[in-house]
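Observations on the three-dimensional arrangement
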Amino acid sequence: MRLRVPFVKRSESAQHLWTQCPHCGEMLFNKQLARNLNVCTKCEHHFRVGARERIEQLADRASFAEIDPTLVSMDPLGFVDQKPYPARIAESQAKTAERDAVVCGDATIGGHPVTLAAMEFSFMGGSMGTVVGEKLARAAEHARDGRRGLVIVSASGGARMQEGTIALMQLVKTVAAVTRHGKAGLPFVSVLTDPTTGGVLASYASLGDVILAEPGALIGFSGARVTSSTIGAELPEGFQRAEFLLRHGFVDQVVPRAQLRDRIAFFLGAFSRPAREMRWGV
Amino acid sequence: MLEKIDRALGGREPDGDGLASSGVIADVAGIANRRSPWEAVQLARNIQRPHSQELIGLVFDRFQELHGDRGFGDDPAVIAGLADLGGRSVVVVAQQKGSSTEENIARSFGMPHPEGYRKAIRLFRLAEKFGLPVITFIDTPGAHPGPEAEERGQAEAIARSIQVMGELEAPVVAVVIGEGGSGGALALGVGDVVLMMQNAVYSVISPEGCAAILWRSASEAERAAKALRGAGPDLLELGVIDGLVPEPEGGAHTDRQAVAAGLRRALVAQLDRLASVPLSDLLAARYDRYREIGSFADPSAAAAEKAKPWWRRALGKAGL
């Protein structure tokens, strides 16, 4: 059964009219900030955006139809740290109104049919446990069956510790699924947003046919604290940022949010025109 | 899924998977006294434990090492090469920790850099080209976390290795022989059969790292180890691995010959088993093996199932 879930409007309460930009310190009027796709109007700092808002920004108007909206995590290990894992899930569900850390569905982007997935960082740090792994694998399989492109917008701290080695195995699951999708000759655009780290970057997110990143996004394998303690020194400014990865050859483009939709549409379009059907100079 | 293949290959006895018959523990009930997860972590990290190089020497009849990723350099934390196992050529890729402080420094404590994973990928492709099975030994605290590793694309190297192993047109047997540290271990750990030494550990994060994040104190590592359930018997119960290669009572370092002999027996049995499976079935089974790991609930699917008329449910159960 496919459910159509309407976009949830961000609550606009009087106390939260202004946001201070953490980068340049500018006070930003929230409505204006939202109109600017949550990018600072002064310094172009890209604020994090949630999964639904991301989909709203990327998908053609009213084209999004969610798939697998009801999957929920179990607690395979009986994991308890300072709180039991199910309590942490319930907390995140209440906070985000999502059931887990990714939202998937069919949509069109610039008219091109895709299966689009966006991660919700505020749900346990966007961490990938079984549900995220399963939903992404299903999304890739669904896209393959329907001969659709695949667009995944990542925002994740990595694998979900509370699911232990089972969470680690989701790396294999997602990689295998996007690989099968790719072998069917279908395009996969991986979009890396702030932050994309650990096991998510070390799996499907690094395997896009095209990899795009948002300006200033933190993207890396190891946590910066671990890395700086390994060399016993502070890390240089800009280490593990999107521009750093561009310079070292691990992302194709750093794309400002306002241009992201058009850029994705361009690549989807370019890959859907095989040479034999190409008409030059039309 | 592999069990399905075993059955399809002609009604073998229940032990068609060749695990128990080759001395591998395939059921936790067979373990007399289970160690605490923290004890297992200590044993897995014991510097006297036989590491890859020593095991390769004991398990295989001949081994010739191949060096370099053909792009950047040669990573001493990864040993790779061709070997002979009971008359069969195999490609071996292994992570190597040091058995002394000097060796540990030379091999960066078994933490591979991207060129180590790219060397592994090169060897996997070699195996595919010549139709040879792949055997990997995993023993690493994790992929190297230094800034050079980040610059050279540690995450991409791991992702690519996982991808290549997942679709490799050759049988793959992976064995966690000591410490299986997160993505850096998994990059050599995708296979048709995944085994662990009895006292090895395999986890998404080190107990110390987990404790530092969730308890905000590395001294809670013992509790974290328990919560993570990364010891061999736990992972056998959870269905992440297929079997445990037994170790003597005091740990693998107390009788290296016996451990190596047990490992050899297990590997030979699994290669025999996998050699008879058609490649297309093998790849399908490998995909399903990982596709099926993990449990989740889908309340709407359950509700939809209930809403179906009884005869449709009955037809569904009958597989129609």
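Residue numbering note: each chain is counted from 1, following its sequence as written. As a convention, the first chain written is A and the first ligand written is 1, with the rest following in written order. Predicted model: local features are reported for residues with pLDDT of at least 70 only, side-chain atom pairs are reported and counted for 80 or more only, and whole-chain, interface and lining totals are derived from all residues. Side-chain measures were taken over the full set of non-hydrogen atoms in the model, leaving aside hydrogen atoms and water.

Side note on the overall build of chain B
- Counting from the N terminus, the helices are the DSSP runs of H or I reaching at least four residues and the strands are the DSSP runs of E reaching at least two. Summing up its helical and strand segments, chain B has 15 helices and 9 strands in all.
- Considering only C-alpha atoms, chain B reaches an extent of 70 × 50 × 45 Å along its principal axes.
- The buried share of chain B, taken over its 320 residues, is 55%.
- Residue contacts are defined here by distance: any two heavy atoms, one from each residue, within 4.5 Å place the two residues in contact. Considering only contacts in chain B between residues 6 or more positions apart, those separated by 24 or more positions represent 74%. Partly exposed residues are those whose accessible area sits between 20% and 50% of the maximum for their type, while under 20% is buried and over 50% is exposed, using a 1.4 Å probe and protein chains only.

Quick look at the interface of chain B and chain A
- On the chain A side, the residues contacting the 50 residues of chain B number 51 residues.
- Simply put, the buried area is the total loss of 1.4 Å probe accessible area from both parts when two parts are fitted together. Each partner contributes to the roughly 4,700 Å² buried at the junction of chain B and chain A, and carbon and sulfur atoms together form 69% of this total.
- When the area that chain B buries against chain A is broken down by residue, the three leading residues are Tyr-287, Arg-291 and Phe-296 of chain B, summing to 16%.
- Whenever Lys or Arg places a side-chain nitrogen within 4 Å of a carboxyl oxygen from Asp or Glu, that contact is recorded as a salt bridge. Taken together, chain B and chain A are joined by 3 salt bridges.
- Among the salt bridges present, the one from Glu-141 of chain A reaches Arg-291 of chain B, with a minimum N-O distance of 2.7 Å.
- Residues adjacent in sequence count toward polar contacts only when both atoms are side-chain atoms; beyond that, a polar contact is any pair of N or O atoms within 3.5 Å, and within protein one must be able to donate a hydrogen and the other to accept it. Inspection of the region where chain B meets chain A yields 15 residue pairs in polar contact (both at pLDDT 80 or more).
- The dominant element in the side of chain B that touches chain A, judged by the number of residues it contributes, is helix 7 (residues 154-167) of chain B, at 9 residues.
- Split into classes, the residues belonging to the side of chain B that touches chain A amount to 28 nonpolar, 12 polar and 10 charged.
- Between any two strands, pairing holds if DSSP finds at least two bridges. Looking at chain direction, strand 4 (residues 72-73) of chain A and strand 9 (residues 296-297) of chain B are connected through 2 bridges and run antiparallel. Looking across to strand 9 of chain B, one finds that Val-72 of chain A is bridged to Ala-297 of chain B. Amino acids are sorted into nonpolar (Ala, Val, Leu, Ile, Met, Phe, Trp, Tyr, Cys and Pro), charged (Asp, Glu, Lys and Arg) and polar (every other residue, Gly among them).

With respect to the packing of aromatic side chains
- In summary, the pairing rule links any two rings of Phe, Tyr or Trp, Trp by its six-membered ring, whose centres are within 6.5 Å, and it sorts them by plane angle into stacked for under 30 degrees, edge-to-face for over 60 and tilted for everything else. Going through the model one piece at a time under the given rule, you end up with 4 aromatic pairs over all chains.
- Criterion for a charge above a ring: Lys NZ or Arg CZ within 6 Å of the ring centre, and within 35 degrees of the ring normal. Geometry around Tyr-287 of chain B places Arg-180 of chain A over its ring, the cationic atom sitting 3.6 Å from the centre.

As for empty space enclosed by the protein
- Cavity: a set of points on a 1 Å grid over the protein atoms alone where a 1.4 Å probe fits but cannot get out. Pocket: an open set with protein on both sides within 12 Å along at least five of seven lines, its lining residues, like those of a cavity, having an atom within 4 Å of a point. Grid points are joined across faces, edges and corners, and a volume is the space filled by probe spheres set on the points. This structure, assessed with the given rule, holds 2 cavities of 30 Å³ or more.
- Its boundaries defined by the atoms lining it, the largest cavity holds a volume of some 130 Å³.
- Lining the largest cavity are 17 residues; nearest its centre among them are Leu-201, Leu-245 and Phe-250 of chain A together with Gly-153 and Ala-155 of chain B.
- Of all the secondary structure elements, the ones that give two or more residues to the lining of the largest cavity are strand 10 (219-220) and helix 8 (242-248) of chain A together with helix 6 (147-151) and helix 7 of chain B.
- Split by residue class, the lining of the largest cavity holds 9 nonpolar, 5 polar and 3 charged.
- Forming the walls of the second largest cavity are Val-49, Arg-54, Ala-118, Met-119, Val-153, Ser-154, Ala-155 and Thr-193 of chain A.

Observations regarding unusual backbone geometry
- A cis amide bond, omega -15°, links Asp-194 of chain A with the succeeding residue Pro-195 of chain A.
- Relative to the assigned elements, Pro-195 of chain A resides in strand 8 (residues 188-197).
- Despite not being glycine, Arg-229 of chain B shows a phi value in the positive range, around 50°.
- Structurally, Arg-229 of chain B can be placed in the loop between helix 10 (221-228) and helix 11 (232-238).

Concerning a nonpolar patch on the surface
- Residues enter patches when their relative accessible area tops 30% and they take part in no salt bridge; the joining distance is 9 Å for like charges and 5 Å for the nonpolar side chains Val, Leu, Ile, Met, Phe, Trp and Tyr. What sets the accessible areas is the Shrake-Rupley method with a 1.4 Å probe; for residues, cover comes only from the shown protein chains. On the surface, a cluster of nonpolar side chains totalling about 400 Å² of accessible area is made up of Leu-17, Trp-18, Met-27 and Phe-29 of chain A.
- The residue Leu-17 of chain A is located in the segment before strand 1 (18-20) in this model.

Topic: the domain arrangement of chain A
Residue and element names in this part refer to chain A.
- Domain annotation of chain A identifies domain 1 (1-47) and domain 2 (49-277).
- Domain start and stop positions are those given by an automatic or database domain assignment. Centre-to-centre, using C-alpha coordinates, domain 1 lies 21 Å away from domain 2.
- Taken together, the 11 residues of domain 1 in the interface contact 19 residues of domain 2.
- With both sides pooled, the region where domain 1 packs onto domain 2 buries about 1,400 Å², and carbon together with sulfur makes up 58% of that total.
- If you look at where domain 1 meets domain 2, you find 0 salt bridges.
- Seen at the junction of domain 1 and domain 2, the total is 5 residue pairs in polar contact (both at pLDDT 80 or more).
- A class-by-class count of the residues in the side of domain 1 that touches domain 2 yields 6 nonpolar, 2 polar and 3 charged.

Regarding the packing of helix 3 (residues 52-59) of chain B against helix 12 (residues 256-275) of chain B
Residues and elements named next belong to chain B.
- To get an axis, a line is fitted to the C-alpha atoms, and for a helix only the part in contact is used. The angle between two axes follows their N-to-C directions and goes from 0 to 180 degrees. Following both chains from N to C, one finds helix 3 and helix 12 inclined at 70°, their axes separated by 9 Å at the closest point. Here helix 3 lies roughly perpendicular to helix 12, going by the angle between them. In the crossing of helix 3 with helix 12, the sense of the turn from one axis to the other is right-handed. Between helix 3, through Glu-54, Leu-55, Leu-58 and Val-59, and helix 12, the contact on the second element is made entirely by Arg-256, Gln-257, Ala-260, Leu-263, Arg-264 and Leu-267.
- Of the residues assigned to the contact of helix 3 with helix 12, the class counts are 6 nonpolar, 1 polar and 3 charged. Just so you know how the angles are binned, under 35 degrees is roughly parallel, over 145 roughly antiparallel, 65 to 115 roughly perpendicular, and the rest oblique. Crossings are assigned a handedness: left-handed for a near helix turned anticlockwise from the far helix by less than a right angle, right-handed for a clockwise turn.

Comments concerning the packing of helix 5 (residues 114-130) of chain B against helix 7 of chain B
All names here are of chain B.
- It is at 9 Å that the axes of helix 5 and helix 7 come closest, and there the two elements cross at 20°. With respect to each other, helix 5 and helix 7 are oriented roughly parallel. Remark: the crossing between helix 5 and helix 7 carries left-handed chirality. Seen from helix 5, the contacting residues are Pro-114, Tyr-117, Arg-118, Ile-121, Phe-124, Arg-125 and Glu-128; seen from helix 7, they are Gln-154, Glu-156, Ala-157, Ile-158, Arg-160, Ser-161, Val-164, Met-165 and Glu-167.

Some words on the nonpolar core
- The biggest cluster of nonpolar side chains holds 137 residues, and the ones touching the most others in it are Tyr-204 of chain A together with Phe-60, Phe-137 and Leu-267 of chain B.
- At 9 residues, the largest contribution of residues to this core is made by helix 5 (residues 164-183) of chain A.
- Residues grouped as a nonpolar core are buried Ala, Val, Leu, Ile, Met, Phe, Trp, Tyr and Cys residues, joined through side-chain atoms within 4.5 Å. Formed by 23 residues, the second largest nonpolar core is a distinct cluster that contains Ala-51, Ile-109, Leu-260 and Phe-267 of chain A.

Topic: the environment of Ala-269 of chain B
Residues and elements named next belong to chain B.
- Locating Ala-269 in the fold gives a position in helix 12.
- C-alpha of Ala-269 to C-alpha of Ala-20: the two residues are 249 residues apart in sequence and 9.9 Å apart in space.
- Excluding residues that lie within four positions of it along the chain, Ala-269 makes contacts with Gly-18 and Ser-22.

Things to note about helix 7 of chain B
Residues and elements named next belong to chain B.
- With 14 residues, helix 7 extends 20 Å between its outermost C-alpha atoms, agreeing within 8% with the 20 Å of an ideal straight helix rising 1.5 Å per residue.
- For helix 7, the tally of buried residues reaches 12 of 14 residues, placing the bulk of the element in the interior.
- The set of residues buried in helix 7 consists of Gln-154, Ala-155, Glu-156, Ala-157, Ile-158, Ala-159, Ser-161, Ile-162, Gln-163, Val-164, Met-165 and Glu-167. In this scheme, a helix's expected span is set at 1.5 Å multiplied by one less than its residue total.

Focus: the confidence of the model for chain B
- pLDDT expresses how confident the predictor is about each individual residue, on a scale running from 0 to 100. Confidence along chain B averages 91 in pLDDT terms, with 95% of residues attaining 70 or more.
- As scored by the predictor, the complex reaches a pTM of 0.92 and an ipTM of 0.91.

With respect to the environment of Ala-62 of chain A
- Secondary-structure assignment places Ala-62 of chain A in the loop between helix 2 (51-58) and strand 3 (65-67).
- Sequence separation between Ala-62 of chain A and Thr-108 of chain A is 46 residues, and the spatial gap between their C-alpha atoms is 9.2 Å.

Some points on the pairing of strand 3 (residues 88-95) of chain B
Residue and element names in this part refer to chain B.
- Counting buried positions along strand 3 yields 6 of 8 residues, so the element is predominantly enclosed.
- Sheet analysis places strand 2 (residues 78-85) next to strand 3, joined by 8 bridges and oriented antiparallel. Each residue of the ladder has a partner; that of Ile-79, found in strand 3, is Ala-94.
- With antiparallel pairing between neighbouring strands as the criterion, strand 2 and strand 3 make up a hairpin whose turn holds 2 residues, including Gly-86 at a positive phi of roughly 55°.
- Direction of pairing for strand 3 relative to strand 4 (residues 134-140): parallel, over a ladder of 4 bridges. By the bridge assignment, Val-91 is partnered in strand 4 with Val-134.

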